Amino acid sequence: MLAQSKDVQFLHSVIAHPDVSPWVTLGRGALDLTEVVGNPENLFLANEHGGFLFIRDGDTYEVHTQFLPQGRGRKAVEAAREAAWHIFTRTPALAIRTYVPRGNFRAAALARRAGFSAWGTVNNDGIEIDWYVLTIKEWAKGLKQCQQH
């Protein structure tokens, strides 16, 4: 179960984990997310294994995912669906976007399993990054499909 959090020290500890850090920092050193987490426009939804940092950009939220190894797999997929529910029912979000560095197969699989669609690729200082989006319309269609099963 996710809860809204302002615990930036916890977020920093997850990001510092050697299995998480290379994908979050892209080799550019430590991040200080104090201002991002403290911004009331943004949301950090967390559980004991990590969480989702949502950064508001108008009616779209950019999500950054970071989970320790023990919180990955099916647990992360369930958490991603819970996070999407929260964002689409408690904020003005019409879409969620995320960026996945090429080679981060777990993050790409999580995005797809959570309902995101690939929208393209961007180059960030020589690093190829795939761009995924989940619109409120596609999210709602997914809910309807789940109810039919």
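Basis of the calculations
- Residues numbered from 1 in each chain as written.
- Predicted model: local features only at pLDDT ≥ 70, side-chain atom pairs only at ≥ 80, totals over all residues.
- Heavy atoms only, no water.
- Helix = DSSP H or I, 4+ residues; strand = E, 2+ residues; numbered from the N terminus.
- Rg over C-alpha atoms; globule rule 2.2 N^0.38 Å.
- Polar contact = N/O pair within 3.5 Å; in protein donor to acceptor, adjacent residues only side chain to side chain.
- Contact = heavy atoms within 4.5 Å.
- 1 Å grid on protein atoms, 1.4 Å probe; cavity = no way out; pocket = protein on both sides within 12 Å on 5 of 7 lines; lining within 4 Å.
- Points joined across faces, edges and corners; volume = space filled by probe spheres on them.
- Nonpolar A, V, L, I, M, F, W, Y, C, P; charged D, E, K, R; others polar.
- Buried < 20%, exposed > 50% of the residue type's maximum accessible area, 1.4 Å probe, protein only.
- Arc of directions from axis to C-beta.
- Salt bridge = Lys/Arg side-chain N within 4 Å of Asp/Glu carboxyl O.

A. Seen up close, the overall build of the chain. Assigned secondary structure in the chain consists of six helices and seven strands. Of the regular secondary structure in the chain, the N- to C-terminal order runs β-α-α-α-β-β-β-α-β-α-β-β-α. In summary, the chain has a C-alpha radius of gyration of 15 Å against a globular reference of 15 Å for 149 residues, a match within 12%. Taking the principal axes of the C-alpha coordinates as reference, the chain spans close to 45 × 30 × 30 Å.

B. Expanded view of the side chain of Q66. Within the element layout of this structure, Q66 appears in strand β4 (residues 60-67). In terms of polar contacts, Q66 uses its side chain to reach the backbone carbonyl oxygen of H64, at 3.2 Å. Aside from chain neighbours lying at most four places away, what touches Q66 is L11, V14, I15, V20, V24, F44, H49, G50, G51, F52 and L53.

C. Molecular detail of the layout of surface pockets. Computed from the structure, the largest pocket encloses a volume of approximately 940 Å³. In terms of lining, the largest pocket is formed by 45 residues, of which the most central are H64, T65, Y99, N104 and A107. Elements supplying a minimum of two residues to the lining of the largest pocket: α2 (21-25), β3 (50-57), β4, α4 (74-90), β5 (95-101), α5 (105-113) and β6 (117-124). In terms of residues, the lining of the largest pocket owes the most to one element, α5, which gives seven residues. Looking at the lining of the largest pocket residue by residue, the class counts come to 31 nonpolar, nine polar and five charged.

D. Structural view of α5. By the burial criterion, the buried members of α5 are A108, L110 and A111. Buried residues of α5 fall within an arc of 160° about the axis and therefore sit on the same side. In this structure, α5 carries F105 and R106 as exposed residues pointing more than 90 degrees from its buried face. At its buried positions, α5 is contacted by β4, α4, β5 and β7 (127-135). Immediately beyond the C-terminal end of α5, within one or two residues, lies G115, with a positive phi of roughly 105°.

E. Inspection of the pattern of salt bridges at higher detail. For the structure shown, the criterion picks out six salt bridges. Between R74 and E78 there is a salt bridge; the shortest N-O distance is 3.4 Å. Of this pair, R74 and E78 both sit in helix α4, separated by four residues, roughly a single helical turn. For E78, a relative accessible area of 44% corresponds to the partly exposed category. Ionic pairing is found between K141 and E138, a salt bridge with its closest N-O pair at 3.1 Å. Of the two residues, K141 and E138 are both situated in helix α6 (residues 136-148); the distance of three residues between them amounts to about one turn of the helix. Under the relative-accessibility criterion, K141 is labelled partly exposed at 41%. The class for E138 is partly exposed, based on a relative accessible area of 38%. Among the charged side chains, a salt-bridge network with shared partners connects D57, E62 and R97.

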